[in-house]
Amino acid sequence: MSHKYYDKEFAHIQDYLSSTLNTEPSQTDRREHRHLLATLYLRYIVISNKLSICVDQMVQPQKRLLLRKLLEAVLGRILELKSDLVEADLAEWTHCGDLLEKLGLTPFETELEIPSCFRNEREEDIAYKKRIIEMVLNKLGFAEKVEEKSPMAEQQAILIVQTHERARQGRLRAQFMKEIRSMKEKNKPSEGEDVETKARGINMGAALKIQKIWRGYVARRATRRRKLQEMLLIGMIPSPKKKNEEIEKDLQNKERRRQLQKERQKVYDLEIKNIRRNLEKTQRGPVLEQLSDQVRGWLHEYKAQTGKIPEYTGSERSASRLMLSRQGTESETSKSTPGSSKDSKSKQKDKSAKGAKEGKSQVETEEEDIRSKALVSTFLPELNVRKEEYDEIWRYKDESANPGQNHYNDIIEHEQMTEMENELRRIVDEMMKAELMLLQEAYDKDKGYKGKKKSSKKTRKAGKKGKKKKEKDLTPDRTTESLFEELVANGIIKQYPEIWMKDFIGEKSFNTPAPYNKGREPSYGLGDVRQILIEYCVIPLLTKKLHQSTPHIKSVFLAGPSGSGKDMLVQAICNETGAVLFDLTPANIVGKYPGKSGLIMLIHLIVKVSKLLQPSIIYMGNAERPFVKKIPKTDRTDPKRFKKDLPKIVKNFSPEDRVILIGVSDNPWESDQKMLQQVYQKFLMIPRPNYSSRYFIWTHLLSQYMSVSCIKFDTSVMSKISDGYTVGSIVATVAEVITVKRMLQLRIHPLSPLELVNVLCKKTPIYKEEEEAFDSWWSKVPIVRRRTRAVELLLEEEADMQAKQASAKNKK
């Protein structure tokens, strides 16, 4: 694709974003306006997917910076809407099947894709952490060593080749002699044959068999070809896979654009430094003098009009801007006015009295208001600002003179000048504060006011109340690298394979949503699990701004049968975010940091290093074990070691800490549910794969081994037979059947479903009792209990209404 193509895409995205922003409501009720929130949710997902492509391929650095800011704001808005929809539906799974046709969207367009730009920005940091882990494992001898074979001598290589070649010739010779002997036996005349055929040496029975087999083969081949052509024509099967030169060229072009993007960014960063250096030399002094003169002029004008010395606001609020924008107003009060402090105190007393009276009623209605009202968006102002920036700078900009998509110096100069002015305004604020304090003191002396000394005791007390107790640093003298290496050596920080979220295969469900107080929650698929983990665990960890400004999710509990892909999803989350993985599985920490002091040190190291090396993921396999009521005597892993400390660890995660705890369990019903719900904030369950997901999985797995598997192999039969089995069982079956030897035989001897069925039958399916146990546990999850309660309340109200109507009829 060319520069012009991505510029057009940029324009289309802006138009689509503008129309979406126009539909944003000022205030909404989550449940009454659920349809509008779901529409916005889908539209922003479409915008995010298109923006991620443009950010990945846009070469011009200044446009790419704007696109990145837009993408970050759109992702934040998606997470806000997701939180609203969860509260509106009282379900973690968001169903929008009723809106796809209205919006003219396909199911693929509504699946949120993970932008690669945020992870690419941290490539060096991620590679550095991987190198340290590999280095420590190599030192300890835990790394898998690849044996480097010494180069073979020429004479030895010749002897091996000769040996194998002679063996091959011997096998061919033996096969050839065997065929000659069998032909001689076949050519012997039988007793019932004619004299002529005997004389000619023709075996009529053999000839008839050959004709019969050949004609049958030709007829079957022609029938298969006609059937394949018909199926291809009506679109029932895809065309055979071939290497497409255009696709390969497009992939090469995308990689070339990424390299060009890096070159342009380097030049852009260098030019910013040069322009800023030039502005500091030539413009800093005059701008500082001009700003200070403007503020002094306003101060003198204010003093002349009001006769008072104004109170100067803090520098963090850019006071000079505020004052210059409201000259001549009398809204500010002076320190010299004695009544101002009394008025403020009386107002505070009135407010506190009113607050005490209204406290009880507010507490009662607070929960209902929070649940019914949608979140106030922190990203909508950012989206509007970026939209205005695009309209002002890029929408009508003529770029015909810039075919190479280089940066624009005038834009850099304007941005750097604005930034320098803001810095200088802070300096002017500090200068004006000092001057005003001197003027105030002189004014008070002239009027005869005595300055009151501030009591140091009160300030100290107030300071002590506001501060939180800081935890003691048990390792103040150690570097982050040494702590990191220690945890790697002890197996707490682990390596993880390169698995991505797209590798977790499964179809999404596109059911219509059920009201929160009517009916059961609609069913969901594996694709829904993938998307919700992207929204809860991946997107918030990509940037600091997203994590701080979106609904804070500290912990996620992932339940499902053995082999459903829970560990794979955790590894995929780590790869997508470039996070450090801390493994707190009870079996993994046996014998490490023993005793009470060792446990304190372990918790300190995990919390400290996870916050220093953000983003971080704390993983706990068998997450139900710390909260099991009775532990067998044979279990020596001491799973209750973290029982008391886990809630404290999760509670101390702040929005500034990009750290999340992910627990995984095969038997969640064995634990104490109250303790479990104190630790984990979100509960998710991986369902049994439905027919569409199983069909997709079988097709994907078999297509890796056979280019025509979808044509010759009946995938629908295996999808029906594998009902009740997990994804892990299906993957293990394919890996066990299609060995290297079997793969070489696929062209001659095609794969049959019977081979897979024989192996699949040996795997353990999901039995009915296990499925019922998961359903029973799921009904006790907090959000499901809330939904059940809402349904019960509605039924009670309907029953009361019917009873009232019946009593009214009886009275008549």
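Computed from a predicted structure; not experimentally measured.

Caption draft 1: Highlighting the pairing of strand β6 (residues 682-685). Residue alternation in β6 divides its side chains into two sets, K682 and L684 and F683 and M685, and both sets are buried. Bridge analysis of strand β2 (residues 555-559) against β6 gives 4 bridges, and the strand direction is parallel. The residue bridging F557 from the neighbouring strand is F683, located in β6.

Caption draft 2: Main features of the sheet that holds strand β4 (residues 616-620). Here 6 strands make up an open sheet; going across it, the order is β1-β3-β4-β5-β2-β6 and the pairing mixed. Of all the strands in the sheet, the pair left with one neighbour each is β1 (493-494) and β6. Bridge analysis of β1 against strand β3 (residues 580-583) gives 2 bridges, and the strand direction is antiparallel. Bridged to I493 within β3 is F582. Packed onto the sheet, helix α18 (residues 526-538) meets β2, β5 (659-665) and β6 and runs at close to 160° relative to β6.

Caption draft 3: Broad picture of the environment of N406. Along the chain, the position of N406 falls in the loop between α14 (380-394) and α15 (409-447). Measuring from C-alpha to C-alpha, the distance between N406 and Q60 comes to 5.8 Å, with 346 residues separating the pair along the chain. Non-local contacts of N406, meaning those with residues more than four positions away in its chain, are made with Q60 and R264.

Caption draft 4: Structural context of empty space enclosed by the protein. On inspection of all chains with the given rule, the structure shows 4 cavities of 30 Å³ or more. For the lining of the largest cavity, the elements supplying multiple residues, two or more each, are α2 (34-57) and α18. Sort the elements by how many residues they give to the lining of the largest cavity and α18 lands first, with 4 residues. Looking at the lining of the largest cavity residue by residue, the classes come out as 8 nonpolar, 6 polar and 5 charged.

Caption draft 5: Broad picture of α18. Across its 13 residues, α18 extends 17 Å between first and last C-alpha, which sits within 8% of the 18 Å expected from 1.5 Å per residue. Taken across its 13 residues, α18 has 13 buried, putting it largely inside the fold.

Caption draft 6: Looking closely at the pattern of salt bridges. Taken as a whole, this structure holds 40 salt bridges when the rule is applied. Linking E121 and R68 is a salt bridge whose minimum nitrogen-to-oxygen distance equals 2.6 Å. Residue E121 is found in the loop between α5 (117-120) and α6 (123-140), and its partner R68 is found in helix α3 (residues 61-89); the two are separated by 53 residues along the sequence. Notably, a salt bridge pairs D723 with R688, separated by 3.9 Å at the nearest N-O pair. Of this pair, D723 sits in the loop between α26 (715-721) and α27 (727-737) while R688 sits in the loop between β6 and α24 (691-703), placing them 35 residues apart in sequence. Where salt bridges share partners, they join R276, E280, R284, E419 and E423 into one cluster.

Conventions we followed
Residues numbered from 1 in each chain as written. Predicted model: local features only at pLDDT ≥ 70, side-chain atom pairs only at ≥ 80, totals over all residues. Heavy atoms only, no water. Buried < 20%, exposed > 50% of the residue type's maximum accessible area, 1.4 Å probe, protein only. Helix = DSSP H or I, 4+ residues; strand = E, 2+ residues; numbered from the N terminus. Pairing = 2+ DSSP bridges. Contact = heavy atoms within 4.5 Å. Axes fitted to C-alpha atoms, helices over the stretch in contact; angles between N-to-C directions. 1 Å grid on protein atoms, 1.4 Å probe; cavity = no way out; pocket = protein on both sides within 12 Å on 5 of 7 lines; lining within 4 Å. Points joined across faces, edges and corners; volume = space filled by probe spheres on them. Nonpolar A, V, L, I, M, F, W, Y, C, P; charged D, E, K, R; others polar. Expected span 1.5 Å × (residues − 1). Salt bridge = Lys/Arg side-chain N within 4 Å of Asp/Glu carboxyl O.

By themselves, these figures tell us nothing about what the structure is for.
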